Amino acid sequence: MPSRRLPNSVPAVIRTLKTARDEWKNTVAAARAITTDQWAQLDDAAPASLLNRLLKEASDVDLAQASQAPFTTQVSLTAAQLTMHVSHFHQVLDLGIVRGQFAAGARSYYGRDVNATSIPDLTTYAAVDEAAENIVKGEAARQTAEGAGYLPMALPSAAQVGTLLTQFKNLSYQSEQAQVNTDQQREELNALYPAAQALAVDICDTVEFFYRKDPDDASRRVKCQRWGVVYIYDQPAAPAPTPTPTPTPPTP
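What comes next concerns the included structure. Keep in mind it's a predicted model, so treat the numbers as computed, not measured.

Right, let's talk about the environment of Lys-137 for a bit. Relative to the helices and strands, Lys-137 resides in helix H4 (residues 125-146). Under the relative-accessibility criterion, Lys-137 is labelled exposed at 59%. Between the C-alpha atoms of Lys-137 and Gly-162, which are 25 residues apart in sequence, the distance is 9.4 Å.

Here it is, written out as structure tokens:
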């Protein structure tokens, strides 16, 4: 048995309202199934109509998300590069300590225990950021402390880590600002949604009431669908499986 499905999402509400708007414009006055008050909220020639405002807010969300996506990707790629450089820096440092090129105490300049046997935690953006900061500051501190005997780290250098760290921070800030904008646009859309959803449901009620006396249910539903009403149809029940006959045992 077909049943009506009420619009209960932003895309569904927009589809219902746009369908009703277009059907109004394609229908003679006497045959219009919605009221003039409802049409006033759909009128595309009225900038302040509810539908126009809903479409703008939905578009603003889409544009904000589109602007945010590249930053999210760039942050991820830069973070991966920075993580690799930080990891390699500490691995090379440890190898240099084993070879005697650096004093064992050099680890302390970079925020590690002097006898550490593992590199710093790099499982989160915050941890990578902190470890990279320690490298940049630690290298400068070690250079000052060691004076003429200072041997700079290389492959990668602290400067290379610092360059990636700056890129990561800048991109993270831009990504955060883009996320803030997306959140704001989504909040503005959400604030408008209850009124738009109520209008869509009201239009569906009005349309079905307008065609209530149609004697043919199928014809009535077709007419209502032209105005944006959506019906769902029950799936036919699956046939019951044919029972497997139980074999009769042979007579002795």
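Turning next to the packing of aromatic side chains. With the rule as written, the count across this model stands at 4 aromatic pairs. Seen from their ring centres, Phe-89 and Tyr-110 are 5.2 Å apart, and the 70° between their planes marks the pair as edge-to-face. In this pair, Phe-89 sits in helix H3 (residues 50-99) while Tyr-110 sits in the loop between H3 and H4, placing the two residues 21 residues apart along the sequence. Taken as a pair, Phe-89 and Tyr-110 share a single burial class, namely buried. Taking 5.0 Å as the distance between ring centres and 85° as the angle between the ring planes, the aromatic pair formed by Phe-210 and Tyr-211 counts as edge-to-face. Above the plane of the ring of Trp-24 lies Arg-32, whose end atom (NZ or CZ) is 4.2 Å from the centre. Note that Arg-212 overlies the ring of Phe-209, its terminal NZ or CZ placed 3.7 Å from the centroid.

On to the packing of H3 against H4, then. The geometry of H3 relative to H4 is characterised by a closest axis approach of 10 Å and an angle of 50° between their N-to-C directions. One way to sum up the angle between H3 and H4 is to call them oblique. Regarding H3 and H4, the two cross each other, and that crossing is left-handed. Contacts between H3 and H4 involve Val-75, Ser-76, Ala-79, Leu-82, Thr-83, Val-86, Phe-89 and His-90 on the former and, on the latter, Tyr-125, Val-128, Ala-131, Ala-132, Ile-135 and Glu-139. Residue classes in the contact of H3 with H4 are distributed as 10 nonpolar, 3 polar and 1 charged.

Now for the packing of helix H1 (residues 10-25) against H3. Put simply, H1 and H3 touch, their axes get as near as 11 Å, and they point 140° apart. As the angle between them shows, H1 and H3 are arranged oblique. Taken as a pair, H1 and H3 cross one another with a handedness that is left-handed. Facing H1, whose interface residues are Val-13, Ile-14, Leu-17, Lys-18 and Arg-21, H3 presents Leu-51, Leu-54, Leu-55 and Ala-58. Split by residue class, the contact of H1 with H3 holds 7 nonpolar, no polar and 2 charged.

What counts and what doesn't
Residues numbered from 1 in each chain as written. Predicted model: local features only at pLDDT ≥ 70, side-chain atom pairs only at ≥ 80, totals over all residues. Heavy atoms only, no water. Helix = DSSP H or I, 4+ residues; strand = E, 2+ residues; numbered from the N terminus. Buried < 20%, exposed > 50% of the residue type's maximum accessible area, 1.4 Å probe, protein only. Phe/Tyr/Trp six-rings, centres within 6.5 Å; stacked < 30°, edge-to-face > 60°. Lys NZ or Arg CZ within 6 Å of the ring centre and 35° of its normal. Axes fitted to C-alpha atoms, helices over the stretch in contact; angles between N-to-C directions. Parallel < 35°, antiparallel > 145°, perpendicular 65-115°, else oblique. Left-handed = near helix turned anticlockwise from the far one by under 90°. Contact = heavy atoms within 4.5 Å. Nonpolar A, V, L, I, M, F, W, Y, C, P; charged D, E, K, R; others polar.

What is shown is where atoms sit, not what they do.
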